[in-house]
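One-letter residues, chain by chain:
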Amino acid sequence: MRDVIIIGAGGHAKVIADIVIKSGDRLLGFLDDGKSGTVFEQYSVLGTVEDAEKYKSEAEFIIGIGSAAARKNISERFALKWYTAVHPSATVSLGAEIGCGSTVMAGAVINADAKIGRHCIINTRASIDHDCRLSDFVHVSPGATLCGTVTVGDNTHIGAGVTVKNNISVCADVTVGCGAAVVKSITSPGTYVGIPAREL
Ligand SMILES: CC(C)(COP(=O)(O)OP(=O)(O)OC[C@H]1O[C@@H](n2cnc3c(N)ncnc32)[C@H](O)[C@@H]1OP(=O)(O)O)[C@@H](O)C(=O)NCCC(=O)NCCS
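Calculation notes
- Residues numbered from 1 in each chain as written.
- Predicted model: local features only at pLDDT ≥ 70, side-chain atom pairs only at ≥ 80, totals over all residues.
- Heavy atoms only, no water.
- Salt bridge = Lys/Arg side-chain N within 4 Å of Asp/Glu carboxyl O.
- Helix = DSSP H or I, 4+ residues; strand = E, 2+ residues; numbered from the N terminus.
- Buried < 20%, exposed > 50% of the residue type's maximum accessible area, 1.4 Å probe, protein only.
- Arc of directions from axis to C-beta.
- Contact = heavy atoms within 4.5 Å.
- Polar contact = N/O pair within 3.5 Å; in protein donor to acceptor, adjacent residues only side chain to side chain.
- Near = heavy atom within 4 Å.
- Areas by Shrake-Rupley, 256 points an atom, 1.4 Å probe, with all protein chains shown as cover.
- Pairing = 2+ DSSP bridges.
- Axes fitted to C-alpha atoms, helices over the stretch in contact; angles between N-to-C directions.
- Lys, Arg positive; Asp, Glu negative; His and termini not counted.

Moving on: the pattern of salt bridges. Following the criterion strictly, the structure yields eleven salt bridges and no others. The salt bridge involving Asp 3 is made with Arg 26; its shortest N-O contact spans 2.8 Å. One end of the pair, Asp 3, is in strand 1 (residues 3–7); the other, Arg 26, is in strand 2 (residues 26–31), and 23 residues separate them in sequence. For Asp 3, a relative accessible area of 21% translates into the label partly exposed. Residue class for Arg 26 comes out partly exposed when judged on its relative accessible area of 44%. The shortest N-O distance in the salt bridge between Lys 81 and Glu 60 comes to 3.6 Å. Placement of the pair is Lys 81 in the loop between helix 3 (68–77) and strand 6 (85–86) and Glu 60 in strand 5 (residues 60–63), with a sequence separation of 21 residues. Residue Lys 81 is classed as exposed on the basis of its relative accessible area, which comes to 54%. Take Glu 60: its relative accessible area is 8%, and that puts it in the buried class. One connected set of salt bridges, linked through shared partners, spans Arg 2, Asp 25, Glu 60 and Lys 81.

Written out as structure tokens, the structure reads:
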């Protein structure tokens, strides 16, 4: 059993709290600069983000914040032991790799030889198929589907229900709006929407 502290105390942090508890690990609480009191069930805010230093010898940490920029900033500011949260109902292939500090939510599927970077979010029912390569701080939103051998660059956000065709690359710093279908590689940072996805 591992002792875990979640950085952030919003809705995303609550979902991670549920995963930690259901994984049989011990949730100590949350760190947040703007909130106090109870966050989820009996678990509450223990202090500010800076207080991670105080707890670092006794717990592992995971950043429960949706913003990739915030996850990147906090992960670079503090040298902590990062906890990787995988919901017991997620299906993770034996050959798949999930980087430290990442979260895999309920019903997600990560297929053979897929590789997920550090501090990524694979959200509820998202599907990452064989041989995909996701860099760091990527967020794949609920119900999104990455077909086989898709590559996604740092900080990119794939919106809810998006489909990315097989063998496609999406570069770093892209947002793909919910419901889009990505059928050609995206090579410039920006926001892309629609079927087929085009720059907004
Ligand atoms: C694409 C997105 C980032 C654009 O947000 P935004 O920059 O605030 O854009 P706006 O809402 O001002 O919309 C601008 C235009 O794009 C259109 N648009 C916005 N999102 C769209 C989408 N997903 N698909 C198609 N068109 C979209 C709007 O209708 C609007 O069109 P108009 O100018 O003709 O009225 C956002 O709408 C989106 O889809 N985010 C992802 C949400 C998501 O998946 N969340 C999961 C969280 S776990």
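This part covers helix 3. Note: α-helices contain 3.6 residues per turn, so residues at a spacing of three or four share the same orientation. When we look at burial in helix 3, the residues that qualify are Ala 68, Arg 71, Ile 74 and Ser 75. Taken around the axis of helix 3, the buried residues stretch over an arc of 135 degrees, which confines them to a single face. Set apart from the buried face of helix 3 by more than 90 degrees, the exposed residues are Ala 69 and Glu 76. The elements touched by buried residues of helix 3 are strand 1, strand 5, strand 12 (121–122) and strand 15 (139–140). Measuring from the backbone nitrogen of Ala 69 back to the side-chain oxygen at the start of helix 3 gives 3.3 Å, which picks out Ser 67 as the cap.

Attention now goes to the site of the ligand. In the region of the ligand, the neighbouring residues are Asn 123, His 139, Ser 141, Pro 142, Gly 159, Ala 160, Thr 175, Gly 177, Cys 178, Thr 191, Val 193 and Leu 200. Here Ala 160 contributes a backbone N or O atom positioned 2.7 Å from an oxygen atom of the ligand. Cys 178 is positioned such that a nitrogen or oxygen atom in its backbone is 2.9 Å from an oxygen atom of the ligand. Here the ligand has 910 Å² of accessible area as a free molecule, and 38% of this is covered by the chains.

Here we take up the sheet that holds strand 5. The strand order 3-4-2-1-5 describes an open sheet built from five strands, whose pairing is mixed. The open sheet terminates on both sides in strands that have one partner only, identified here as strand 3 (38–40) and strand 5. Between one strand axis and the next, the sheet turns through 40 degrees on average, direction left out of account. Where strand 3 lies against strand 4 (residues 43–47), two bridges are found, and the strand directions are antiparallel. Within the sheet, the bridge partner assigned to Phe 40 lies in strand 4 and is Tyr 43. Strands strand 1, strand 2, strand 3, strand 4 and strand 5 of the sheet are contacted by helix 1 (residues 11–22), whose axis makes an angle of about 165 degrees with strand 2.

Below, the discussion takes up the side chain of Asp 32. As for its position among the elements, Asp 32 is in the loop between strand 2 and strand 3. In this structure Asp 32 is buried but unpaired, with Lys 35 as the nearest side chain of opposite charge at 5.0 Å. A polar side-chain atom of Asp 32 sits 3.1 Å from the main-chain amide nitrogen of Ala 9. For Asp 32, the side chain forms a polar contact with the main-chain nitrogen of Gly 34, separated by 2.7 Å. Sequence-distant contacts of Asp 32, defined by excluding residues within four places in its chain, comprise Gly 8, Ala 9, Val 45, Gly 47, Thr 48 and Val 49.

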